[in-house]
Amino acid sequence: MNILMALSQLEVTGAEVYGTVLSNELIKRGNNVYIVSDTLTKPTNAQYQKIEFNRRKLSDRINQVKALLKIIKEKDIEVVHAHSRASSWSCSIACKIAKIPLITTIHGRQPVHLSRKLVKAFGDYSLSVCENIRDHIVNDLNVNPKNITVLRNMINTNEYQKQSSEQKGKSEKVISIIGRLSGPKGDVTYNLLDILHKRKDFKIQVIGGKDVPQRFKKFNGNVEFLGYVNNVSEKIKESSIVIGAGRVAVEAILSEVPVLAIGEAEFIGIVTKERLSTALKSNFGDISLNTTPLFRWTDVIPEIDKGFNVNKVDLTILREKVMKEFSLDDIVLKIENIYQQEIIKKRKYEMPVIMYHRVIKDESEKGVHGTYVTIKQFEEQMKYLKMKGYETITFKDMLKNKYKDRFHKNKKWIMLTFDDGYKDNYENAFPILKKYGFKSIIYILDGIKYNKWDVDDKNNPEKELPLMSTEELLEMKEYGIEFGGHTSTHPKLTQIGNEKMRKEIIDSKNNIEKMIGENLLSFAYPYGDLNEEVKNTVKEAGYEFAVSTDSGDINFSEDLFQIRRIGIFPTNNIFNFKRKVSGKYNFIKIKREEKSYKKSN
């Protein structure tokens, strides 16, 4: 994906750290990321361009929108992600003009006044870093709760190691206050220093802020002001207690350093496993649902003394809980899925994944079941795809997150899949695929030579139809046809017990791979029959993807082990086929399914 990050700050902020960390991770995952901001302090692999969002005159706003539109066009931007009120206002206008989605991450409380209610500028979907922000946005600014979710401030938890035994054994007690010296955070730091600087049994250091404001000069004799430092994590590990909120608190907990959580809005105190849920809701004190700050200054000294005596086992338990909440990989994956979901919703288009079974000469070969198309129909359909510039892709093309490239300009991807591996796929479909230079994925079985599952159906027995031979499979593989697993005997996997189900999935994969000399990347659930146990077994077997039939999300990548497909049948004329491959078909179909479900309930 091509992603534009929009920030606005005049000095380093938590939002900038969030934006640059997210950008670097998205680039690692194969995306192209560009950043626009007033300034940029933190190192990043993303391309940076200066846009001064903090200039708020109407003429400035117009120029910002023009600059954004130029970048969107030149870089083929598919989604914009804004991280501040100033940037989101301009981005919301640019995205509406460009008809691309805007995602916003909300890092703090928003002003509640008439203009904010009228022009929310939260975009198509919002992420809040804590529960209090989400509830504030929904309750005070009337944002639809369906359009906002809580995603923590992502942190690469593996980068934060526990304090070494040498650091833990230091005799000198060091309290580190980390945060800005300006604004509400500066007021909190000032009040803390006014209380703490009188104690002589520990050293106090303040990290953050460009310059030391005049009012802080009175603490110079007892407090060391380090300013902005690059090795904050090392300073945290050298500390006996860290005082801060948001990301600072998380980093300290990951280093197993006691944290006194206090932010712009609340005093949480020393974070313990019992206090963690409360701390998370407020982003460790930064965000309250109350309009006035909740500070208990008389509790500062008792909590500091409590922090010096925190049990080391409790710090380890706390670290494990926080690692789960702030997992970088999990959060970035969720954000990527939100990007894709919103792009799809905005475009009302998703790459079609088509499902065939048999391709027969004429109606005399049709059998009992209607899972076929004739050669004439198939030829007409492939001719249409070629004429319209479709490119057929396989799951091999999708490895290493390449499925995200489907959003790029002029990409017209389609997946053609065939279930069961009938001999007519080789005899009738294969020559036509070669004629048009198309690829496909064919899901095959290893335990039977013909369609035994249908022949043995007592209620509706089918005539015996041969499946492809190994030699035919190898010839098709040589051309570029991809094969996937479809079990050994084509059972309904949720109805045969876990032991048999596992054997059908795992053994068939191993046998087919030996037969064709290639790893299988994807699996098709027979009859589209699946549950979570079945899906987990498919993952365990080593598959990268799995396709269903009528179940699954509109978004291809929402669940890569339940990819929805669109069936093509003999009753589909060329008009129906065009509709099914248009990329819009599932939007109509799922709405129809939802209406039907509501009526039946």
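Let me sum up the structure you'll find in this document. (Residues numbered from 1 in each chain as written. Predicted model: local features only at pLDDT ≥ 70, side-chain atom pairs only at ≥ 80, totals over all residues. Heavy atoms only, no water.)

## A word on the overall build of the chain
Reasoning step 1: A count of helices and strands for the chain gives 21 helices and 23 strands.
Reasoning step 2: Principal-axis analysis of the C-alpha atoms gives the chain an extent of 95 × 60 × 50 Å.
Reasoning step 3: Looking at the chain as a whole, 54% of its 601 residues are labelled buried.
Reasoning step 4: Expressed as a percentage of contacts within the chain between residues at least 6 apart in sequence, the contacts between residues at least 24 apart total 66%. (Helix = DSSP H or I, 4+ residues; strand = E, 2+ residues; numbered from the N terminus. Buried < 20%, exposed > 50% of the residue type's maximum accessible area, 1.4 Å probe, protein only. Contact = heavy atoms within 4.5 Å.)

## Quick notes on the pairing of strand E20 (residues 482-485)
As a general feature of sheets, a regular strand has side chains that alternate between the two faces.
Reasoning step 1: Taking every second residue as pointing to the same face, both faces of E20 are buried, with Glu482 and Gly484 on one and Phe483 and Gly485 on the other.
Reasoning step 2: As paired strands, strand E19 (residues 441-444) and E20 are joined by four bridges and run parallel to one another. Residue pairing in the sheet places isoleucine 441 in a bridge with glutamate 482 of E20. (Pairing = 2+ DSSP bridges.)

## Examining the sheet that holds strand E11 (residues 241-244)
Reasoning step 1: Taken in spatial order, the six strands line up as E10-E9-E8-E11-E12-E13 in an open sheet, and their pairing is mixed. On the outer flanks of this sheet lie strand E10 (223-227) and strand E13 (267-270), each paired with one strand and no other. Taking each pair of neighbouring strands and ignoring which way they run, the sheet shows an average axis angle of 15 degrees.
Reasoning step 2: Of the pairings in the sheet, the one linking strand E9 (residues 203-207) to E10 comprises four bridges and is parallel in character. In the strand pairing of E10, valine 206 is matched with phenylalanine 225.
Reasoning step 3: Docked against the sheet, helix H11 (residues 300-308) engages strand E8 (174-178), E11, strand E12 (259-262) and E13, running at close to 35 degrees with respect to E13. (Axes fitted to C-alpha atoms, helices over the stretch in contact; angles between N-to-C directions.)

## Concerning unusual backbone geometry
Peptide bonds are, in most cases, trans, and in most cases residues other than glycine have a negative phi.
Reasoning step 1: We note that lysine 99 has phi near 60 degrees; this positive angle belongs to a residue other than glycine.
Reasoning step 2: On the basis of relative accessible area, lysine 99 is assigned to the exposed category, the value being 67%.
Reasoning step 3: Positive phi is not limited to glycine here, since lysine 400 has a value of about 55 degrees.
Reasoning step 4: Looking at the element boundaries, lysine 400 is found in the loop between strand E17 (391-392) and strand E18 (413-419).

## With respect to the packing of aromatic side chains
Reasoning step 1: Taken as a whole and assessed by the stated rule, the structure comprises 19 aromatic pairs.
Reasoning step 2: Ring centres of phenylalanine 216 and phenylalanine 225 lie 6.1 Å apart, and the angle between their planes is 85 degrees; this geometry places the pair in the edge-to-face category.
Reasoning step 3: By relative accessible area, phenylalanine 216 is classed as buried at 0%.
Reasoning step 4: Through successive ring pairs, a cluster of aromatic residues spans Tyr190, Phe216, Phe219 and Phe225. (Phe/Tyr/Trp six-rings, centres within 6.5 Å; stacked < 30°, edge-to-face > 60°.)

## Digging into the pairing of strand E2 (residues 32-37)
Reasoning step 1: Burial within E2 is extensive, with five of its six residues counted as buried.
Reasoning step 2: With five bridges connecting them, strand E1 (residues 2-6) and E2 associate as parallel partners. The residue of E2 that forms the bridge with isoleucine 3 is valine 33.
Reasoning step 3: Following the chain from E1 across helix H1 (residues 14-28) to the adjacent parallel E2, one finds a crossover that is right-handed. (Right-handed = clockwise from strand over helix to strand, strands pointing away.)

## What about helix H5 (residues 131-141)?
Reasoning step 1: Within the sequence span of H5, burial applies to Glu131, Asn132, Ile133, His136, Ile137 and Leu141.
Reasoning step 2: Of the residues one or two after H5, asparagine 142 is the one with positive phi, at around 60 degrees.

## Observations regarding the pattern of salt bridges
Reasoning step 1: For the structure on display, the rule yields 39 salt bridges.
Reasoning step 2: A salt bridge links arginine 358 to aspartate 424, with the shortest nitrogen-to-oxygen separation between them at 3.1 Å. Here arginine 358, found in strand E15 (residues 358-360), pairs with aspartate 424, found in helix H15 (residues 423-435); they are 66 residues apart in sequence, far enough to count as distant. (Salt bridge = Lys/Arg side-chain N within 4 Å of Asp/Glu carboxyl O.)

## Thoughts on helix H18 (residues 498-516)
Reasoning step 1: Taking 1.5 Å per residue, 19 residues should reach 27 Å; H18 reaches 27 Å between its end C-alpha atoms and fits that length.
Reasoning step 2: Among the residues of H18, those classed as buried are Met501, Glu504, Ile505, Ser508, Lys509, Ile512, Glu513 and Ile516.
Reasoning step 3: Summarising the contacts, the buried residues of H18 are in contact with E19, helix H17 (470-479), E20, strand E21 (522-524) and helix H19 (532-541).
Reasoning step 4: Glycine 517, located one to two residues past H18, shows a positive phi value of around 70 degrees. (Expected span 1.5 Å × (residues − 1).)

## A word on the packing of helix H14 (residues 375-387) against H15
Reasoning step 1: Where H14 contacts H15, the axes come no closer than 10 Å and their chain directions differ by 20 degrees. Relative to H15, the element H14 is oriented roughly parallel. H15 is crossed by H14, and the crossing has right-handed handedness. Together, Ile375, Phe378, Glu379 and Met382 of H14 and Asn428, Ala429, Ile432, Leu433 and Lys435 of H15 make up the contact between the two elements.
Reasoning step 2: Here the contact of H14 with H15 is built from residues that sort into six nonpolar, one polar and two charged. (Parallel < 35°, antiparallel > 145°, perpendicular 65-115°, else oblique. Left-handed = near helix turned anticlockwise from the far one by under 90°. Nonpolar A, V, L, I, M, F, W, Y, C, P; charged D, E, K, R; others polar.)

## Brief notes about the sheet that holds strand E6 (residues 125-128)
Reasoning step 1: Taken in spatial order, the seven strands of this open sheet run E3-E2-E1-E4-E5-E6-E7, and their pairing is parallel. With one partner strand each, in any of the chains shown, strand E3 (47-50) and strand E7 (148-150) form the two edges of the open sheet. Looking at each pair of strands side by side, their axes are set apart by 20 degrees on average, direction ignored.
Reasoning step 2: Two strands pair when backbone bridges link them, and strand E4 (residues 79-82) and strand E5 (residues 102-106) are joined in this way by three bridges, in the parallel orientation. Within the sheet, the bridge partner assigned to valine 80 lies in E5 and is leucine 102.

## Description of the environment of tyrosine 160
Reasoning step 1: Structurally, tyrosine 160 can be placed in the loop between E7 and helix H6 (165-168).
Reasoning step 2: Its relative accessible area of 10% is what places tyrosine 160 among the buried residues.
Reasoning step 3: Sequence-wise, tyrosine 160 and serine 233 are 73 residues apart; in three dimensions their C-alpha atoms are separated by 7.4 Å.
Reasoning step 4: Apart from the residues lying within four places of it in its own chain, the contact partners of tyrosine 160 are Ile155, Ser233, Glu251, Leu254, Ser255 and Arg319.

## Digging into the side chain of threonine 394
Reasoning step 1: Mapping threonine 394 onto the fold places it in the loop between E17 and E18.
Reasoning step 2: Polar contacts involving the side chain of threonine 394 include one to the side chain of glutamate 482, which spans 2.9 Å.
Reasoning step 3: The contacts of threonine 394, once residues within four sequence positions are left out, are Met415, Lys439, Ser440, Ile441 and Glu482. (Polar contact = N/O pair within 3.5 Å; in protein donor to acceptor, adjacent residues only side chain to side chain.)

## Regarding the packing of H18 against H19
In a packed pair of helices, the relevant descriptors are the angle between the two axes and the axis-to-axis distance.
Reasoning step 1: Where H18 meets H19, the axes come as close as 10 Å, and the angle between the chain directions of the two elements is 30 degrees. Relative to H19, H18 is oriented so that their crossing is right-handed. Contacts between H18 and H19 involve Asn498, Met501, Arg502, Ile505, Ile506 and Lys509 on the former and, on the latter, Glu533, Val534, Thr537, Val538, Glu540 and Ala541.

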